[in-house]
2 protein chains.
Amino acid sequence: MEKILLTHGSGGTLMHKLIDSLFMRELDNPILREKKDSAIVKIGKKSLAFTTDSYVVNPILFPGGDIGSLAVYGTVNDLAVCGAKPLFISLGMIIEEGLDRDLLERIVRSVSLAAKRSGVKVVTGDTKVVERGSCDKVFINTSGIGEICYPGLSVDKIKAGDSVLVSGTIGDHAISVLSKREGISFSSKVKSDSAPLNGLIARALKVSDKVKFMRDPTRGGVATTLNEMVTAGKFGIAIDEDRLPVANGVKAGCELLGFDPLYLACEGRVIIVVQKLHEDKVLRSMRSDPLGRKARVIGRVVKEFPGKVYLETVSGGRRIVGMLSGEQLPRIC
Amino acid sequence: MEKILLTHGSGGTLMHKLIDSLFMRELDNPILREKKDSAIVKIGKKSLAFTTDSYVVNPILFPGGDIGSLAVYGTVNDLAVCGAKPLFISLGMIIEEGLDRDLLERIVRSVSLAAKRSGVKVVTGDTKVVERGSCDKVFINTSGIGEICYPGLSVDKIKAGDSVLVSGTIGDHAISVLSKREGISFSSKVKSDSAPLNGLIARALKVSDKVKFMRDPTRGGVATTLNEMVTAGKFGIAIDEDRLPVANGVKAGCELLGFDPLYLACEGRVIIVVQKLHEDKVLRSMRSDPLGRKARVIGRVVKEFPGKVYLETVSGGRRIVGMLSGEQLPRIC
């Protein structure tokens, strides 16, 4: 009998297969079929973004964040990358019996601060407690509603020649969680990049009407996110290895542990595809935000290799970069 | 150091204390403060209902339902009792590594059927998988958005003299889950009442503009829900013990296990408070719905004992019925 594996939750190929072969098949409707970070729903004449995420990160406290702030920022970012202004979020907590009240307080305070920082209100919630051993400390679900301010962002608008930008160094979140979990420390301390991107994104969309598409590279990392963009098979994406922004601590962690930063989850980074003409404008706007200081062009949309993402390596070669297959890091978010 | 207990998730007094002393304090805002089953949020001129619930029911399959349909109906009902037409729901699943794929398929199909039956669309979702032993089979979060069609339902409108109605027998859900969990069977088989109430509620609101307030008596049961209504201390509620609709199997289960049906969770029942004048009209409307055949007046709003709920017993006495204290049944939903 087929069993569900950790890999089914990794964000990679097995998860995409599970989603297509089960969730999409059973729950099929035009909105779900879009497979955006948020559903775009119409109520009357209003277009809203609606999204959900459950957070099971282990450990629940890590350098640069915790499960509470992560749950808020993750949902805020899923709304923002769809061109929405995040407004309201829900907070569903599943708590393991025996959790320290102080720890719960710390997490709820973190939710509160993160909501204030992101400009959203927590308007509804739910608390469940399960017996010791039936969950691991605490799981959080946040769902969010935003108002669509910039309609029309769509992967269908992407064309060969467009530039691919990332707002900062990649993989910091994954390495921060992993180093804490495994008790490893690197010479350069790595902090999670977990942060709300709605401000940075709104500013980029204000300076340019040539932004085609955005997505935050969470589970599966930049490589998986770019592969999701090319699935329609109309174009390829070339990444310039030389330009990938990777912090020293993340490099060290990857070398030590055998990870590729391209597959590591970020929780406060966004990939923006913009028409070449507006590349500088958008880059400047991103860099003017403290969360985007290290924004860079990392690649471009190409006609060659449609449906593929490839790396132009430092040594001058080319290497196809597939979607994450197998599990690098369970419970990273 | 204070620890979180199972009772903190029971729906009773300890849960209310945790909510007030932690969640309300840290996350305070006017919408959250309303403490409705759904948050009522304004986006532009539109009033929307927004709600969330996590489901951790054990076992995940029980007579009359499963965690999938329960998760849909629970959220649909939380929207409907606030006068909203449920439209869109999200589906967040946390799955334990090793779960049978067939079981997952069964649950997702159940979500799909329940969504169709309720007239809502599942438009966004998330899947996480955690290691064996880090959660118990599967937990589901559903959040929902509805459009407010009947604004103005409010506990503040309730006045002495109003009638208190319930749409059917009480406690069926809790006894169904418990009998399955403990492997007990009663002479009369008890099925969960888990069902979508949006149709029944919309009809009741259509026939009468004198419906003051509604709530579905889930965790903590009818007793706890009525106690939530009287907290402002402006009126009391008298329940007529003689009129409480309790199925034979539930009676048997309660006698055997020492439960009071007033504290048992329902998942397909609604309590409606309506002006006495419209009692018959609303009752007829409810009974015309297959889910409301056994609707009854179970009590009335009174001036005496403000802030209290009391039972007028079969023997002619009076007994104060407090909010659930302590845990009757963990993981009932």
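Given the structure is predicted, the values throughout are model-derived calculations rather than measurements.

Trainee: Explanation requested: the overall build of chain A in the structure shown.
Mentor: Each helix and strand counted, chain A has 9 helices and 14 strands in total. Over its C-alpha atoms chain A spans a radius of gyration of 19 Å, differing by no more than 12% from the 20 Å that the globule rule assigns to 333 residues. Reported as C-alpha extents along the three principal axes, the dimensions of chain A are approximately 55 × 55 × 50 Å. Considering chain A as a whole, with its 333 residues, one finds that 64% of them fall into the buried category. Taking the contacts inside chain A whose residues are at least 6 apart along the sequence as the reference set, 82% of them involve residues at least 24 apart. One way to put it: in chain A the 48 positive side-chain charges average out to a point 6 Å from where the 38 negative ones average out.

Trainee: Would you explain the interface of chain A and chain B in this entry?
Mentor: A common measure of how large an interface is: the accessible area buried when the components associate. Across the boundary between the two partners, chain A contributes 80 residues, which contact 80 residues of chain B. Of the roughly 7100 Å² buried between chain A and chain B, counting both surfaces, carbon and sulfur atoms make up 67%. When the buried surface of chain A facing chain B is broken down by residue, A:Ile4, A:Phe50 and A:Arg101 rank first, second and third, together holding 11% of it. The interface formed by chain A and chain B includes 13 salt bridges. We note a salt bridge from B:Asp100 to A:Lys3, for which the minimum N-O separation is 2.7 Å. There are 31 residue pairs in polar contact (both at pLDDT 80 or more) connecting chain A and chain B. Those elements that place two or more of their residues in the side of chain A that touches chain B are α1 (13-27), α2 (30-33), β1 (39-43), β2 (46-55), β5 (84-96), α4 (101-118), β6 (121-130) and β7 (138-148) of chain A.

Trainee: Hey, could you run me through the relation of the copies chain A and chain B in this one?
Mentor: Taken together, a rotation about one axis and a shift along it account for how the two chain copies relate. Rotating chain A by 180 degrees about the axis while translating it 0.0 Å along that axis superimposes it on chain B, leaving an RMSD of 0.0 Å. With respect to symmetry, the two chain copies, as superposed, fit the operation of a two-fold axis. Relative to the rotation axis, the closest C-alpha in chain A is found at A:Cys135, a distance of 2.0 Å. Comparing interface residues between copies, 100% of those in chain A also sit at the interface in chain B, which points to an isologous, same-surface contact.

Trainee: Explain the side chain of B:Ser143 to me, please; I cannot follow it from the model alone.
Mentor: Here B:Ser143 is to be found in strand β7 (residues 138-148). A polar side-chain atom of B:Ser143 sits 2.8 Å from a polar atom in the side chain of B:Thr52. Apart from residues lying up to four places away in sequence, B:Ser143 is in contact with A:Phe50, A:Ser90, A:Asn141, A:Ser143, B:Phe50, B:Thr51, B:Thr52, B:Thr75, B:Phe88, B:Ile89 and B:Ser90.

Trainee: How should I be thinking about helix α1 (residues 13-27) of chain B in this particular structure?
Mentor: The periodicity of an α-helix, 3.6 residues per turn, causes residues three or four places apart in sequence to face the same way. Compared with an ideal rise of 1.5 Å per residue, which puts 15 residues at 21 Å, α1(B) spans 20 Å between its outermost C-alpha atoms and is within 8% of the ideal. By the largest-angle criterion, B:Ile19 marks the main kink of α1(B), which is about 35 degrees. Along α1(B), the positions that sit buried rather than exposed are B:Met15, B:His16, B:Leu18, B:Ile19, B:Leu22, B:Phe23, B:Met24, B:Glu26 and B:Leu27. Its buried side turned inward, α1(B) meets β5, α4 and β6 of chain A together with α2 (30-33) and α7 (221-230) of chain B.

Trainee: Can you help me understand unusual backbone geometry in this one?
Mentor: With the exception of glycine, most residues fall at negative phi, and the peptide bonds are largely trans. For the bond running from A:Asn58 to A:Pro59, omega is 5 degrees, close enough to zero to count as cis. Position of A:Pro59 relative to the elements: it lies in the loop between β2 and β3 (61-62). Even without glycine at this site, B:Phe305 takes up a positive phi of about 45 degrees. Locating B:Phe305 in the fold gives a position in the loop between β12 (296-302) and β13 (309-312). A relative accessible area of 36% places B:Phe305 in the partly exposed class. With phi around 50 degrees, B:Arg331 is a residue other than glycine that occupies positive phi space. With respect to the helices and strands, the residue B:Arg331 is situated in the segment after β14 (318-320).

Trainee: When you look at the domain arrangement of chain A in this model, what are you seeing that I'm missing?
Mentor: Residue and element names in this part refer to chain A. Each assigned domain of chain A is listed here: domain 1 (36-148) and domain 2 (155-320). Summarising the inter-unit geometry, the C-alpha centres of domain 1 and domain 2 are found 23 Å apart. In this complex, domain 1 contributes 21 residues to the contact, which on the side of domain 2 involves 22 residues. Of the roughly 1800 Å² buried where domain 1 meets domain 2, counting both sides, 58% is carbon and sulfur surface. Per-residue buried area on domain 1 facing domain 2 is highest for Pro63, Asn77 and Val81; these three make up 30% of the total on that side. Across the contact surface, domain 1 and domain 2 share 1 salt bridge. With a shortest N-O distance of 3.2 Å, Arg215 and Asp37 are connected by a salt bridge. Of all the secondary-structure elements, those providing two or more residues to the side of domain 1 that touches domain 2 are β3, α3 (67-80) and α4. No other element matches α3, which puts 7 residues into the side of domain 1 that touches domain 2. Taken together, the residues of the side of domain 1 that touches domain 2 break down into 11 nonpolar, 6 polar and 4 charged.

Conventions and cut-offs
Residues numbered from 1 in each chain as written. Chains lettered and ligands numbered in written order. Predicted model: local features only at pLDDT ≥ 70, side-chain atom pairs only at ≥ 80, totals over all residues. Heavy atoms only, no water. Helix = DSSP H or I, 4+ residues; strand = E, 2+ residues; numbered from the N terminus. Rg over C-alpha atoms; globule rule 2.2 N^0.38 Å. Buried < 20%, exposed > 50% of the residue type's maximum accessible area, 1.4 Å probe, protein only. Contact = heavy atoms within 4.5 Å. Lys, Arg positive; Asp, Glu negative; His and termini not counted. Charge placed at Lys NZ, Arg CZ, Asp CG, Glu CD. Buried area = accessible area lost by both parts, 1.4 Å probe. Salt bridge = Lys/Arg side-chain N within 4 Å of Asp/Glu carboxyl O. Polar contact = N/O pair within 3.5 Å; in protein donor to acceptor, adjacent residues only side chain to side chain. Least-squares fit on C-alpha atoms with pLDDT ≥ 70 in both. Expected span 1.5 Å × (residues − 1). Bend = angle between axes of the 7 residues up to and from the residue. Domains from an automatic or database assignment. Nonpolar A, V, L, I, M, F, W, Y, C, P; charged D, E, K, R; others polar.

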